[in-house]
Structures are given as C-alpha cells and as structure tokens.
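Each chain is listed here by its residues.
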Amino acid sequence: SDFSTKGRDKVKAYVANKYGQKYVSDLGTVIGLKSKGAINDLGRVMGVSIPEVRKISEIMDKTTVAGIQADWDTINDVVGKELAPFKNKYPQMFQWAERLYDHIRSYGVHASGLIVGDEELDGIFPMRWVTKDKKLVTQWPMETAEDFGYMKMDFLGLRTLDTLEEINSILAESGKDPIDYQDLPNQTFPEEMWDLLDKGLTVGLFQVEDGSGKQLVKRMRCRSLDDLVDFLALNRPGPDVEEYMKGRAGKIVTYAHPLIENVTRSTYGMFL
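For clarity, every value in this text was computed on a predicted model and none was experimentally measured.

### Re the overall build of the chain
Scanning the chain for helices and strands turns up 13 helices and seven strands. Against the globule reference of 19 Å for 272 residues, the chain gives a C-alpha radius of gyration of 23 Å, more extended than a compact globule. Each principal axis of the C-alpha distribution contributes one length, and for the chain these read about 60 × 50 × 50 Å. Evaluated residue by residue, the chain yields a buried proportion of 32% over its 272 residues. At a minimum sequence separation of 6, the contacts of the chain that also span at least 24 residues come to 65%. If you sum the accessible surface of the chain, you get close to 17,300 Å²; carbon and sulfur atoms cover 54% of it. Between the averaged position of the 35 positive side-chain charges in the chain and that of its 42 negative side-chain charges there is a distance of 6 Å.

### A short note on the layout of surface pockets
Here the largest pocket is characterised by a volume of approximately 1,100 Å³. Tallied by class, the residues present in the lining of the largest pocket amount to 21 nonpolar, five polar and one charged. Counted as a void, the second largest pocket has a volume near 280 Å³. Listing elements by their share of the lining of the second largest pocket, those giving two or more residues are helix H1 (5–19), strand E2 (24–32), helix H6 (121–124), strand E4 (127–130) and strand E5 (135–138). Broken down by class, the residue content of the lining of the second largest pocket amounts to eight nonpolar, two polar and six charged.

### Some points on the pairing of E5
Looking at chain direction, E4 and E5 are connected through four bridges and run antiparallel. Residue Val130 lies in a different strand from E5, and its bridge partner there is Lys135. The turn linking E4 back onto E5 is made up of four residues, and Lys134 within it adopts a positive phi angle of 55°.

### Let's talk about the side chain of Lys12
By the element assignment, Lys12 lies in helix H1. A distance of 2.9 Å separates the side chain of Lys12 from the side chain of Asp26, its partner in a polar contact. If we skip the residues at most four places from it in the chain, Lys12 touches Asp26, Leu114, Lys135 and Phe155.

### Re unusual backbone geometry
For Gln207, which is not a glycine, the phi torsion comes out positive at approximately 70°. For Tyr268, which is not glycine, the phi torsion reads 60° and is therefore positive. Position of Tyr268 among the secondary structure elements: in the segment after helix H13 (258–264).

### Quick word on the environment of Asp9
With respect to the helices, strands and loops of the structure, Asp9 is situated in helix H1. Separated by 82 residues in sequence, Asp9 and Pro91 place their C-alpha atoms 48 Å apart.

### Here we look at the packing of aromatic side chains
Enumeration according to the criterion identifies seven aromatic pairs in this entry. Seen in terms of ring centroids, Trp140 and Phe148 are 4.5 Å apart; in terms of plane orientation they differ by 20°. Their pairing is stacked. Aromatic ring contacts, followed pair by pair, group Phe125, Trp140, Phe148 and Tyr150 into a single cluster. For Lys18, the ring lying beneath its charged end belongs to Tyr19, and the centroid distance is 5.8 Å.

Cut-offs applied
- Residues numbered from 1 in each chain as written.
- Predicted model: local features only at pLDDT ≥ 70, side-chain atom pairs only at ≥ 80, totals over all residues.
- Heavy atoms only, no water.
- Helix = DSSP H or I, 4+ residues; strand = E, 2+ residues; numbered from the N terminus.
- Rg over C-alpha atoms; globule rule 2.2 N^0.38 Å.
- Buried < 20%, exposed > 50% of the residue type's maximum accessible area, 1.4 Å probe, protein only.
- Contact = heavy atoms within 4.5 Å.
- Areas by Shrake-Rupley, 256 points an atom, 1.4 Å probe, with all protein chains shown as cover.
- Lys, Arg positive; Asp, Glu negative; His and termini not counted.
- Charge placed at Lys NZ, Arg CZ, Asp CG, Glu CD.
- 1 Å grid on protein atoms, 1.4 Å probe; cavity = no way out; pocket = protein on both sides within 12 Å on 5 of 7 lines; lining within 4 Å.
- Points joined across faces, edges and corners; volume = space filled by probe spheres on them.
- Nonpolar A, V, L, I, M, F, W, Y, C, P; charged D, E, K, R; others polar.
- Pairing = 2+ DSSP bridges.
- Polar contact = N/O pair within 3.5 Å; in protein donor to acceptor, adjacent residues only side chain to side chain.
- Phe/Tyr/Trp six-rings, centres within 6.5 Å; stacked < 30°, edge-to-face > 60°.
- Lys NZ or Arg CZ within 6 Å of the ring centre and 35° of its normal.

In structure tokens:
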C-alpha cells in the first residue's frame, strides 16, 4: 500500500502497537554489486579517470530499462561493440566487474517492507542494529524471510502523495475547491496538461521521470485517463511497447485466443 510519508509513519506505528513491538521489524536488504556499480567502484580503486568511467557508464545506461540495470550478458550483446575500446584499454577492470556481479556490496533497509511474526523476532530471527535509524532490522532479505513463513507487509511512503496533499492545502487556503483524487474518471483535464506531456515534461511525475518515460509519453500523445494508465504500465518492465504502439497507430492486432481479445482489446492485445 502507498501512503504519504507522514501517513506511512502512522501506519507503521499502528502495526507495531497492534501486533507488539517485538513481533514487528523493518526488513533489511542485501545490496548486490550490479554492472555499472562495479565499474564505478573498480574504476575509482584502480585509478581510471572519472571522465573515462563516466563515458563507460553512459554506454551501459543504454541497456537500463525503468531504472533496472541489465546483466553483463545483455550489456555485451547490446553495447559490446561500443564498449570494446574500453575493454581493450582496461581488461582487468571489466574482468573483475563481471566476476563481482551480484556479490554483496552493502546492507540497507527496505524502503517499505515490514516483517510480522507470531513469535518475538529477536529470539529466532537474525537481526542487525542500524545506528543511523536507531532500530533493529532483519538480516534476512525479504525472499528468505518469506521462504521461512514470515509475513511481509509493504507500506511505501510516496513524496508524490505529499505533493498532492499540499496542492489541496494550497487550494483550500485560496478559497478554491480541493481536487477529488478518488474521482479522476469524472474529471476533465485541461489541454495545456496534455501539451506538457507531449513535450516529455515528466519531472515530478511518479515512475515516469526517467529517459524512457519522457520518450514514451512523447510518442503516445495521451488524451484520456485510460491513456495515462496505459502509459504508466508500459513504462514498467515487461510489456511489449512496440506491439502496443503498432495497435495504437491503427495496424491490425492479432489475438492468440478470443478470451484474450475480450480483455485486451483496449490495449491492443497487450496485458498491462
């Protein structure tokens, strides 16, 4: 569930009070060393100049989708030729970077996850003290915790929701009606808003601020709430954007089965 950042703290406190402080804990995370991170770290340690490392990172960024870095197999397939001069120049750095892929780099705290147990966690669960936050968190990451039968709950704090609350506060102070965010299907949107999206101006919009979001919204030219829903879903990993765009452009859509047509007609055969 998503809450404003203030609301999230209240929900976490409620859960801890309801089930007991010793039965509830934030989830710790194990942070693996990914492809670009390995190059950045190794480049610094091995004395490779910052401009060179930046050039390598920019090439590797071409394989990043929705903020998720590609593995080395994908990087080598897609941009291997562009990286070749750097691989020849720094062979040891690239060799070590590939070997270190997904090795543990550091530990953190999950942005939204809580573990709830039916026994006091510190007696049966490996825990770690986080000095900065002054709290215990699990040493097991979420996948391991769930494998052992623990319930993981997600309470995500979104600054976007804080912004929306602030907008309504400003409207109220100005004597204007607040926006009913629960009734968006029945609201009209000004043409100026669509024009801004057509230009790729997505800074401040949840999950679509990166390069792929900016480019996709320019192509889509959204003009309805349904278009916006499709746009947000298409910018996530998984959907075949090109097939969707072909259907949107009026090309013939083929469906594997009539049942699929019934539920994906509005999204041109794509499950979003």
